[in-house]
Amino acid sequence: MAQTIPTELVAPLFNPLTFGEGKRDKAHEILRKIRADYPLAKAEVPGFDPMWIVSRYKDVREVLRNDDVFRSAIESKTLVPQSGKQLVAEFTGGEKNILKTLVHMDGEEHIRHRKLTAPEFSPAGLSKFVPQVQESADRWIKVMEEQGPEMDFAKEVAFRYPLEVMMDIVGVPREEHPRILELVQWFFNFADPDLMRPGADPTDPDELVKTWNLVNQEFGKYYSGIIEDRRSCPVDDVASILANSEKHGCPMDPRTMISYFLIFSSAGHDSAAATTASSMWYLAENPDVLAQLRADPSLVPSFVEESIRWASPVQQFIRTAAEDYELNGQQIKKGDQLYVSYFSANFDEEVFEDPYTFTVDRRPNRHIAFGAGDHICVGSNLARLELKTFWEKLIPRLESVELAGEAQMANSEFVCGPKKVPIRYKLS
Ligand code: HEM
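Residues numbered from 1 in each chain as written. Predicted model: local features only at pLDDT ≥ 70, side-chain atom pairs only at ≥ 80, totals over all residues. Heavy atoms only, no water.

## Some points on the confidence of the model for the protein
- When pLDDT is averaged across the protein, the result is 97; 100% of the residues are at 70 or more.
- At the level of chain-chain contacts, confidence expressed as ipTM amounts to 0.99, with global pTM at 0.97. (pLDDT = per-residue confidence, 0-100.)

Here is the structure:
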C-alpha cells in the first residue's frame, strides 16, 4: 500500500515561493524529511493531479534511465495545476503541453529530433566554438573590470554570458539577446515580482500556462523571421540547421520548430546562468574557498562540477508510467505521474558525503543535475565548457569578493537560481 505524504509537508514543493525565499532552505528541509520518511510515496496536493514524489538518487536514476516505461509525452512534462491542464488543451487544440520540444518527446521521434543538433554540442562539435566562448568570457570579465568595484553580478554578468554564448551559436544577433533574456525570465519566473511579465498575476493558478502560451507566441513571431531568412540564405549556425531540418531528414511542423528554437533560447543558457550566479554567491560568502582555488587553479574543473550539483537549477520534471512497474518495492501503475526531483537526488546523503557542504574537490561527484537516460542534457558539454572557461580566466584575477547587499533567489519551483547577487570585488 503506497504511503501518502502529509499535504502540509509536500504542498510547498508545488509553490514557486518555497524555492525562492530563504535560499531554498525550506525546500531542502522538506526534501530531507521526504527522503528519510517517505522515500517513494504519493502526494495529493489540492488542485494538482496525484503524483509520486521520487526523492532518492537511486530511484531518480532508475526512473530517468527507463525512458520506455517512464515517458515524457503522455502527460504534462512539467508541473501544471489541473485547471491549467484544461487551458493547455484549449490553447493547443488538445495537446498535453504548450510546447513540443525534445523534452516533450519519446522514442523514435525523440531520437530523430535529438540527432538533428546533438552533434553540434558533442565535444568534437563544440571545438569550433571554443574561441567564441573564450571571447565572450573575456568580454564579460571586462564588464566586471569596467563596472567595479561593485555590481549585481547576476544581472550584469551571469544572465548575460551564457546567453551570449548560446545565442551566438544559434545565430541570433547580439542586439536581440536582451529581448530573448526577458522572454525567458517571464517563462521560468512567472511568480517572481522582479522577473515576471508585466501584468502577470502570480495569484492566478493558471498564470504559468497563460505566460507560457504568450511567450511561445512571442518566440514564434521572432523566430519566423529567422527561419525565413535561413531558408533563403543558410549559413553555418544552428538556426540554419533547424530552419532546413527537412533536408537533414527531420521535417518539423511549425509548432515543433518554434519549440526547438525556444528550448535552445531558454534551457540553452538559463541553468548555466543560475549556476554561475550561485557559485559567485558562494565564493562571496566563503573567502577561504576563493583562496583555495587561487592557490591551486587545477581545482577549477572539480569546483565547476560541484557548483553544478550545488546549484541544481532544474528542480524537477514529471514522467508518466506507460506500464505497471515495481520501483523500490512500490507498485507504480500505468498512467501514474511521477515528480522526479533532480534537486533532492543531488543532496541524497546516501550518495553524497556531507551533501550540504560545498566540497571543492568532491570526488567522485556523480550529481544528476543534467538528468540521465535518453533525455540527458544535450548542452552538458557546452555548460561545462563555458563555466570552466569563465572561472579559469576570472579566478587568477579575482583578488577578493564579498556580498555588497542581500543576494536573492528567484521564485520558481521548476528552474530556479539567484536573481540578485550584489558583490564588492577587486580584480587584478
Ligand atoms: C535537458 C539541466 C545547460 C539544452 C536537460 C535536462 C536537465 C538539464 C536536468 C533533462 C530534462 C529531462 O530529464 O527531461 C541543465 C543544467 C545546465 C544545462 C543543470 C547547466 C548547468 C544546458 C545548455 C544547453 C541545454 C547550455 C544548450 C544546448 C538542453 C536541451 C535539453 C536539456 C535541448 C533537452 C534534451 C532532451 O530532452 O533530449 N538539461 N542543462 N542545457 N538541456 Fe540542459
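## Description of unusual backbone geometry
- Between Gly-148 and the following residue, Pro-149, the backbone shows a cis peptide bond with an omega angle of 10°.
- With respect to the element layout, Pro-149 can be found in the loop between helix 8 (130-147) and strand 4 (150-152).
- Pro-364 follows Arg-363 through a cis peptide bond whose omega is -5°.
- With a phi angle near 50°, Asn-328 is a residue other than glycine that sits in the positive phi range.
- Examined against the element boundaries, Asn-328 turns out to sit in the loop between strand 6 (325-327) and strand 7 (330-332).
- Exposure remark for Asn-328: the relative accessible area of 38% places this residue in the partly exposed category. (Helix = DSSP H or I, 4+ residues; strand = E, 2+ residues; numbered from the N terminus. Buried < 20%, exposed > 50% of the residue type's maximum accessible area, 1.4 Å probe, protein only.)

## Topic: the side chain of Glu-207
- Relative to the helices and strands, Glu-207 is located in helix 12 (residues 207-232).
- Side chain to side chain, Glu-207 and Thr-211 meet in a polar contact 2.8 Å long.
- Setting aside residues no more than four positions away along its own chain, Glu-207 makes contact with Phe-190, Arg-197, Ala-200, Asp-201 and Pro-202. (Polar contact = N/O pair within 3.5 Å; in protein donor to acceptor, adjacent residues only side chain to side chain. Contact = heavy atoms within 4.5 Å.)

## Focus on the site of the ligand
- What surrounds the ligand is a group of 28 residues, the closest being Lys-77, His-110, Tyr-342, His-375 and Cys-377.
- Between the ligand and Lys-77, the relevant distance is 2.7 Å, taken from an oxygen atom to a side-chain nitrogen or oxygen of the residue.
- Within the side chain of His-110, one N or O atom sits 2.6 Å away from an oxygen atom of the ligand.
- Broken down by element, the shell around the ligand gets its largest block of residues, three residues, from helix 15 (residues 270-285).
- Tallied by class, the residues present in the shell around the ligand amount to 17 nonpolar, seven polar and four charged. (Near = heavy atom within 4 Å. Nonpolar A, V, L, I, M, F, W, Y, C, P; charged D, E, K, R; others polar.)

## Observations regarding empty space enclosed by the protein
- Enumeration over the complete set of coordinates arrives at four cavities of 30 Å³ or more.
- Of the volumes computed, that of the largest cavity is approximately 820 Å³.
- What lines the largest cavity is a set of 45 residues, and nearest its centre among them are Val-103, Ile-263, Ala-267, Val-314 and Cys-377.
- For the lining of the largest cavity, the secondary-structure elements that each account for two or more residues are helix 6 (107-117), helix 11 (177-188), helix 14 (254-266), helix 15, strand 5 (316-321) and helix 19 (380-394).
- The residue makeup of the lining of the largest cavity, split by class, is 29 nonpolar, 12 polar and four charged.
- Estimates place the volume of the second largest cavity at around 110 Å³.
- Around the second largest cavity, the lining comprises 14 residues; the ones closest to its centre are Phe-159, Asn-189, Asp-270, Gly-417 and Pro-418.
- Sorting the residues of the lining of the second largest cavity by element identifies helix 11, helix 15 and strand 11 (418-420) as the ones contributing at least two each. (1 Å grid on protein atoms, 1.4 Å probe; cavity = no way out; pocket = protein on both sides within 12 Å on 5 of 7 lines; lining within 4 Å. Points joined across faces, edges and corners; volume = space filled by probe spheres on them.)

## A closer look at helix 8
- In this model, helix 8 (18 residues) spans 26 Å end to end at C-alpha, consistent with the 26 Å of a helix rising 1.5 Å per residue.
- Every buried residue of helix 8 is listed here: Val-133, Ser-136, Ala-137, Trp-140, Ile-141, Val-143 and Met-144. Seen along its axis, helix 8 keeps its buried residues to an arc of 145°; they face one direction. The exposed residues of helix 8 that point more than 90 degrees off its buried face are Pro-131 and Glu-146.
- Next to the buried residues of helix 8 lie strand 4, helix 9 (153-158), helix 10 (161-170), helix 15, helix 19 and strand 12 (422-427). (Expected span 1.5 Å × (residues − 1). Arc of directions from axis to C-beta.)

## Description of the environment of Ala-383
- Summarising the element assignment, Ala-383 is placed in helix 19.
- On the basis of relative accessible area, Ala-383 is assigned to the buried category, the value being 11%.
- On a C-alpha basis, the gap between Ala-383 and Gly-371 in space is 14 Å, while along the polypeptide they are 12 residues apart.

## Here we look at the packing of aromatic side chains
- On inspection of all chains with the given rule, the structure shows 27 aromatic pairs.
- Ring centres of Tyr-57 and Phe-352 lie 5.8 Å apart, and the angle between their planes is 80°; on these two criteria the pair is classed as edge-to-face. Of this pair, Tyr-57 sits in helix 4 (residues 57-65) while Phe-352 sits in the loop between helix 18 (342-345) and helix 19; the two residues are 295 residues apart in sequence, bridging distant segments of the chain.
- Taking the relative accessible area as the measure of exposure, Phe-352 reaches 2% and is therefore buried.
- Consider the rings of Phe-70 and Tyr-325, whose centres lie 5.0 Å apart with planes at 75°: the pair is edge-to-face. Here Phe-70, found in strand 3 (residues 70-71), pairs with Tyr-325, found in strand 6; they are 255 residues apart in sequence, far enough to count as distant. Across the pair, Tyr-325 and Phe-70 agree in class, each one buried.
- The rings of Phe-19, Phe-153, Tyr-161, Tyr-282, Phe-303, Trp-310, Phe-343, Phe-347, Tyr-356, Phe-358, Phe-390 and Trp-391 are connected pair by pair, giving a single aromatic cluster.
- A cation over an aromatic ring shows up here: Arg-32 above the ring of Tyr-356, its NZ or CZ 4.9 Å from the ring centre.
- If you follow Arg-309 out to its NZ or CZ, it ends over the ring of Phe-347, 5.0 Å from the centre. (Phe/Tyr/Trp six-rings, centres within 6.5 Å; stacked < 30°, edge-to-face > 60°. Lys NZ or Arg CZ within 6 Å of the ring centre and 35° of its normal.)

## Topic: the coordination of the iron atom of the ligand
- When only protein atoms are considered, the iron atom of the ligand has one donor, Cys-377 (SG), at a distance of 2.3 Å.
- Within the secondary structure, Cys-377 sits in the loop between helix 18 and helix 19. (Donors = N, O, S within 2.8 Å, 3.2 Å for Na, K, Ca; no water.)

## Focus: the sheet that holds strand 9 (residues 398-403)
- Pairing within the open sheet is antiparallel, and its three strands lie in the order 4-12-9. Each edge of the sheet is formed by a strand with only one pairing partner; in this case those strands are strand 4 and strand 9. The mean inter-strand angle of the sheet, taken between neighbouring strand axes irrespective of direction, is 30°. (Pairing = 2+ DSSP bridges. Axes fitted to C-alpha atoms, helices over the stretch in contact; angles between N-to-C directions.)

## A look at the layout of surface pockets
- Each pocket or cavity is described by its volume, and for the largest pocket that value is around 380 Å³.
- Lining the largest pocket are 17 residues, and of these Lys-23, Arg-24, Asp-25, His-28 and Trp-310 lie nearest its centre.
- Mapped onto the lining of the largest pocket, the elements with two or more residues apiece are helix 3 (25-37), helix 15 and helix 17 (300-311).
- Looking at the lining of the largest pocket element by element, the count peaks at five residues for helix 15.
- The residue inventory of the lining of the largest pocket, partitioned by class, reads 10 nonpolar, three polar and four charged.

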